[in-house]
Amino acid sequence: MFLSFVMYANLFAQISVDDSLKKPLKQVLIEVQARFHVQIKFDESLVKGQVVSFADWRIRPANIDKTLNNILTPLDISYTLVAGVYRLRKFDYPRWSVEDGKEQLAYLSSLYSDQASWEKRKTELRTCMYSALQLSPLPAKPNSKPIITQVRQMDGYTIENVAIETLPGLYVCGSLYHPAKSSGKIPVILSPNGHFEHGRYNKDQQKLCATFARMGAMAFSYDLFAWGESLLQFKDADHNRSIAMSIQALNSIRILDFLLSQKDADLQRVGITGASGGGSQTMLLSALDDRLKVSAPVVMVSSYFYGGSHSESGMPVHLCGGDTDNPEIAAMFAPKPQLVVSDGKDWTEHVPEIEFPYLQRVYSFYGQKDLISNVHLPTEGHDYGISKRKAVYAFMAKYLKLDIKAIQGTDGEIDETKSIVEPEKALYVFGDKGERLPAIAIHGFDEMQKVFDKATGK
């Protein structure tokens, strides 16, 4: 059936009008710059092919922020204002503005006013977090024994590389640092590594755990999922899958099982510390597992940043309780001793005035405000460098009763020269080329997902 001339003309006119309401995003941004006398920066790849419907109707003449939000939000693009310049980026769900984070934390704080209301909130959060991670109930432990390499003797401590089967055919690898001489029960410290170059082979990570051992603790440094020796089983892209967050939490729980089964482990002196992504794991495990007694998340506690990887925020943990955030997760460790280390050149720059007062308030519900502390390094950046390690050494020495004098020079300063940085291959469990990886090891993400689903009853 043919359209009448009048009907066709009307349809053509309508299409023309609709098209006139659309503009290329790049053109719209140029017009916004001129109208508001601002500078907007973006990658060409971000705006290429993007079209804004009803473009001119999205302008709010008196408000540049509302204008940009109206234009960018439907396109999954966000922006930050840095040094007077609006910088565009693809919408990043775990990265908020400082003001949004501050507002969210104030809202969360309003939900409880005393120990009883906070304990109720904490119980609800923990139950939900286990469920969000698909770890409720925890899958059964494989019956296999850990794979342990030959002991390496160092000055004042030893090192063994260890692989633990956490699901059938799935291994997490790490290195166990132990005092060369000890008697009786000794403290235990977990140290999940962060997203730093070389992972657990990183010199800062090695020095940290070696120094803990010289102070009298057994310390365990271990890989992220699909990092380090985990790459013998998976691709590095698998690290940024949502389920990585669950696997890492399960790995940490199983590592804690292993460490606390050691005959000289002191179950009452158990600590955890990690930086960056390791800080995310530190906060999460501290909130989930009561066996931990002391916690030190480094350069990660922030009300407006939830982690730059799905391995830190890919599972809906932060949606629990009608939304939570990292400071509230850190607060779940109250009233046990906790040190928050922050700096001035990443998302922890506002800890002294935003996140730390919030944590103090929660600790005050227990009358233990002195058990939460903050070391802020305003001129430093995002790392687990010597200044951060010194702060954590002193903290762990105090609450785990470690011998800090063992790592001090004659001038009283921390001396790490006896904490050796080994070549990467020295820390391998499965050989230089992975030749000792067990035959039962799974290979590939799809196979791991099937094993995880079966183990968790899906």
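See above for the structure.
Conventions and cut-offs
- Residues numbered from 1 in each chain as written.
- Predicted model: local features only at pLDDT ≥ 70, side-chain atom pairs only at ≥ 80, totals over all residues.
- Heavy atoms only, no water.
- Helix = DSSP H or I, 4+ residues; strand = E, 2+ residues; numbered from the N terminus.
- Buried < 20%, exposed > 50% of the residue type's maximum accessible area, 1.4 Å probe, protein only.
- Contact = heavy atoms within 4.5 Å.
- Areas by Shrake-Rupley, 256 points an atom, 1.4 Å probe, with all protein chains shown as cover.
- Lys, Arg positive; Asp, Glu negative; His and termini not counted.
- Charge placed at Lys NZ, Arg CZ, Asp CG, Glu CD.
- Phe/Tyr/Trp six-rings, centres within 6.5 Å; stacked < 30°, edge-to-face > 60°.
- Lys NZ or Arg CZ within 6 Å of the ring centre and 35° of its normal.
- Disulfide = S-S within 2.5 Å.

Chemist: What am I meant to see in the overall build of the chain here?
Modeler: Counting secondary structure elements, the chain contains 14 helices and 15 strands. When the backbone C-alpha atoms are referred to their principal axes, the chain occupies close to 95 × 50 × 45 Å. Looking at the chain as a whole, 52% of its 458 residues qualify as buried. Long-range pairs, those at least 24 residues apart, make up 72% of the contacts in the chain with a sequence separation of at least 6. A total of about 21,000 Å² of accessible surface is found on the chain, and carbon and sulfur atoms cover 55% of it. If the 51 positive side-chain charges of the chain are averaged to one point and the 53 negative ones to another, these points end up 2 Å apart.

Chemist: Please clarify how the environment of Val317 should be interpreted in this entry.
Modeler: Structurally, the position occupied by Val317 is in the loop between α10 (310-313) and α11 (326-331). In this structure Val317 comes out as buried when scored by relative accessible area, which is 0%. Residues Val317 and Pro297, 20 residues apart in the sequence, show an inter-C-alpha distance of 18 Å. In this view, Val317 contacts Met129, Ala132, Leu133, Met245, Leu284, Thr324 and Ile329; residues no more than four positions away in its chain are not counted.

Chemist: Quick question: what am I supposed to make of the packing of aromatic side chains here?
Modeler: The description of an aromatic ring pair rests on the distance of the ring centres and on the angle between the ring planes. Within the structure shown, the criterion is met by 13 aromatic pairs. Ring plane angle 55 degrees and centroid distance 5.6 Å describe the contact between Tyr79 and Tyr86, whose orientation is recorded as tilted. Since its relative accessible area comes to 18%, Tyr79 is described here as buried. Pairing Tyr112 with Phe365 gives two aromatic rings, centres 6.5 Å apart and planes at 85 degrees, and the pair type is edge-to-face. With Tyr112 in the loop between α5 (98-109) and α6 (115-132) and Phe365 in the loop between α12 (355-364) and β15 (372-377), this residue pair connects regions lying 253 residues apart in the sequence. By the burial criterion, Tyr112 is buried, and Phe365 matches it. Joined through ring pairs, the aromatic side chains of Tyr112, Trp118 and Phe365 make up one cluster. The ring of Phe445 carries Arg241 above its face, with NZ or CZ at 3.9 Å from the centroid.

Chemist: Just to check I follow, could you spell out the state of the cysteines for this structure?
Modeler: Scanning the model with the defined rule gives 1 disulfide in all. The side chain of Cys128 participates in a disulfide bridge whose partner is Cys320; the two sulfur atoms lie 2.2 Å from each other. Between Cys128 and Cys320, the disulfide has an S-S torsion of -80 degrees and is therefore left-handed. Of the two residues, Cys128 is situated in helix α6 and Cys320 in the loop between α10 and α11; the sequence distance between them amounts to 192 residues. Exposure remark for Cys320: the relative accessible area of 0% places this residue in the buried category. Its sulfur unpaired, Cys173 is 15 Å from the next cysteine sulfur, which belongs to Cys209.

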